[in-house]
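# Geometric and topological summary
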Amino acid sequence: MKKKVLITEKLLASCEQAIIDRLNGVRLYEQEDPEAFLKEHGREFPAVAGFAIPGELIEALPNLGLIANFGVGYDGVDIKAAKARSIAVTNTPDVLNDAMAEITIGLMVSLARRLPQADRYVRERLWPEGSFPLQNQLTGKTVGIVGLGRIGKEIARLCEALKMRVVYFGRNKQSNIPFVYYDNLMEMAADVDWLVVATPGGAATNSLVNKKVLTALGPEGFLVNVARGSVVEEKALVELLQNGGVAGAALDVFADEPNVPDELLTLDNVVLSPHQGSATHQTRFAMGALVVANLEAFFAGEPLLTRVI
Ligand code: 8YV
């Protein structure tokens, strides 16, 4: 099979370069008329690399055999369309667990201790006028993790190091896990101080953290979302943050990112982050290397490293 890879969107520069140099990569997003380009060249590509791979794109690539997804979450890939044509899909698991856990703790500390406000307090020279108000602490609090997968487990480990009590919700109780399991998310939300969302996105988890769950979390509860905006009912969250129904939220992901609801921008009880959970040099480099390794394995006829379907 002739090596040729379609790069569907802007990826890490070094990853794109490796694909271009070693696998005849072509950037779709740089084409003047991507539709016309696909019409003319679509059949030349046995593989794509990217993270938004809708059904129409899959259709425009009649000889596609591999979708190498840049990211652990592959909710941007039309899995049904890929399955229907037996197209393999790979993702980039594990290499981002530490970065994801790190940002989660960063967001929790930022929200509990109001670090963005504290920074402004010093910059605005308010400190000489009096001390910054006392804030919340994580020590001894209970954190409920929604989705105790590879990332969730790493978050749990760091929360334990912060002397928090960890519980979790997921589809199934896991064996050899020392944390209390809830099969009912609303019940868990009612019992915890912090609810941390680390579950995959997609149809199965759409609005999983709905108004009822958020109401159960309550006026003293904090929400952290590092998963996908789709998992949380954003409108309900905004309402509850506005009327004190939830104490605060730290969000790295949004329903319609990069667009963030205006209401969130004016709230003081939120910390906002531009979907940067995995966005460190070392992690993105490792993710890029895994994308390239999967592509190379595919063209060499070897087993794919991290195949999801
Ligand atoms: C990236 C992610 O932002 O891995 C994921 O699922 O959401 C992130 O690491 C995304 O893949 C785009 O680069």
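For the structure itself, look to the data block above.
Here the focus is the site of the ligand. As a matter of local geometry, the ligand sits amid Phe51, Phe70, Gly71, Val72, Gly73, Leu96, Arg228, His275, Ser278, Arg284 and Met287. In the environment of the ligand, an oxygen atom lies 2.6 Å from a nitrogen or oxygen atom belonging to the side chain of Ser278. Within the complex, the protein chains bury 87% of what would otherwise be the 330 Å² of accessible surface of the ligand. In the shell around the ligand, the residues fall into five nonpolar, four polar and two charged.

Sheets are built from strands that pair by backbone hydrogen bonding, the pairs being arranged parallel or antiparallel. Spatial ordering of the open sheet is given by E8-E7-E6-E9-E10-E11-E12, a layout of seven strands whose pairing is parallel. Taken across any chain shown, the strands that pair with only one partner, and hence form the sheet edges, are strand E8 (180-182) and strand E12 (270-272). Pairwise comparison of adjacent strand axes, ignoring direction, gives a mean angle of 20° for this sheet. Sheet topology note: the strand E6 (residues 142-146)/strand E9 (residues 194-197) ladder contains four bridges and is parallel. If you follow Val143 over to E9, its bridge partner there is Trp194. Seen against the sheet, helix H7 (residues 150-161) touches E6, strand E7 (165-169) and E9 and runs at an angle of roughly 175° to E6.

Next up on the list: the pairing of strand E10 (residues 222-225). The alternating pattern of E10 places Phe222 and Val224 and Leu223 and Asn225 on opposite faces, both of which are buried. Of the strand pairs in this sheet, E9 and E10 are connected by four bridges, and their pairing is parallel. If you follow Val196 over to E10, its bridge partner there is Val224. Where the polypeptide runs from E9 across helix H9 (residues 211-217) and back to E10, its parallel neighbour, the crossover connection is right-handed. Here E10 runs beside strand E11 (residues 248-251); their pairing, made up of four bridges, is parallel.

So, about the packing of aromatic side chains. Evaluation of the coordinates by the stated rule reveals five aromatic pairs. Aromatic side chains Phe37 and Phe45 sit 6.1 Å apart centroid to centroid with 45° between the ring planes, which places their arrangement in the tilted category. Here Phe37 matches Phe45 in class, with each residue buried. Where Tyr168 meets Tyr181, the ring centres are 5.1 Å apart and the plane angle is 50°; that geometry is what we call tilted. Here Tyr168 is found in strand E7, whereas its partner Tyr181 is found in strand E8, with 13 residues between them in sequence. Judged by its relative accessible area of 0%, Tyr168 falls in the buried class.

Right, let's get into the packing of helix H5 (residues 97-113) against H7. Running from N to C, H5 and H7 cross one another at 50°; their axes reach a closest spacing of 8 Å. Of the possible angle classes, the one that applies to H5 and H7 is oblique. Every pair of crossing elements has a handedness; the one defined by H5 and H7 is right-handed. In this structure, H5 uses Asn97, Asp98, Met100, Ala101, Glu102, Thr104, Ile105 and Met108 to contact H7, whose residues at the interface are Arg150, Ile151, Glu154, Ile155, Leu158 and Cys159. Per-class residue counts for the contact of H5 with H7 are eight nonpolar, two polar and four charged.

Omega for the bond connecting Glu257 with Pro258 falls within 30 degrees of zero, at 10°, which places this linkage in the cis form. As for its placement among the helices and strands, Pro258 is situated in the loop between E11 and helix H11 (262-266). Of note, Asn176 is a non-glycine position whose phi angle comes to about 60°, a positive value. When you line up the elements, Asn176 lands in the loop between E7 and E8.

Criteria and thresholds
Residues numbered from 1 in each chain as written. Predicted model: local features only at pLDDT ≥ 70, side-chain atom pairs only at ≥ 80, totals over all residues. Heavy atoms only, no water. Near = heavy atom within 4 Å. Polar contact = N/O pair within 3.5 Å; in protein donor to acceptor, adjacent residues only side chain to side chain. Areas by Shrake-Rupley, 256 points an atom, 1.4 Å probe, with all protein chains shown as cover. Nonpolar A, V, L, I, M, F, W, Y, C, P; charged D, E, K, R; others polar. Pairing = 2+ DSSP bridges. Helix = DSSP H or I, 4+ residues; strand = E, 2+ residues; numbered from the N terminus. Axes fitted to C-alpha atoms, helices over the stretch in contact; angles between N-to-C directions. Contact = heavy atoms within 4.5 Å. Buried < 20%, exposed > 50% of the residue type's maximum accessible area, 1.4 Å probe, protein only. Right-handed = clockwise from strand over helix to strand, strands pointing away. Phe/Tyr/Trp six-rings, centres within 6.5 Å; stacked < 30°, edge-to-face > 60°. Parallel < 35°, antiparallel > 145°, perpendicular 65-115°, else oblique. Left-handed = near helix turned anticlockwise from the far one by under 90°.

The quantities given are spatial measurements derived from coordinates; they are silent on function.
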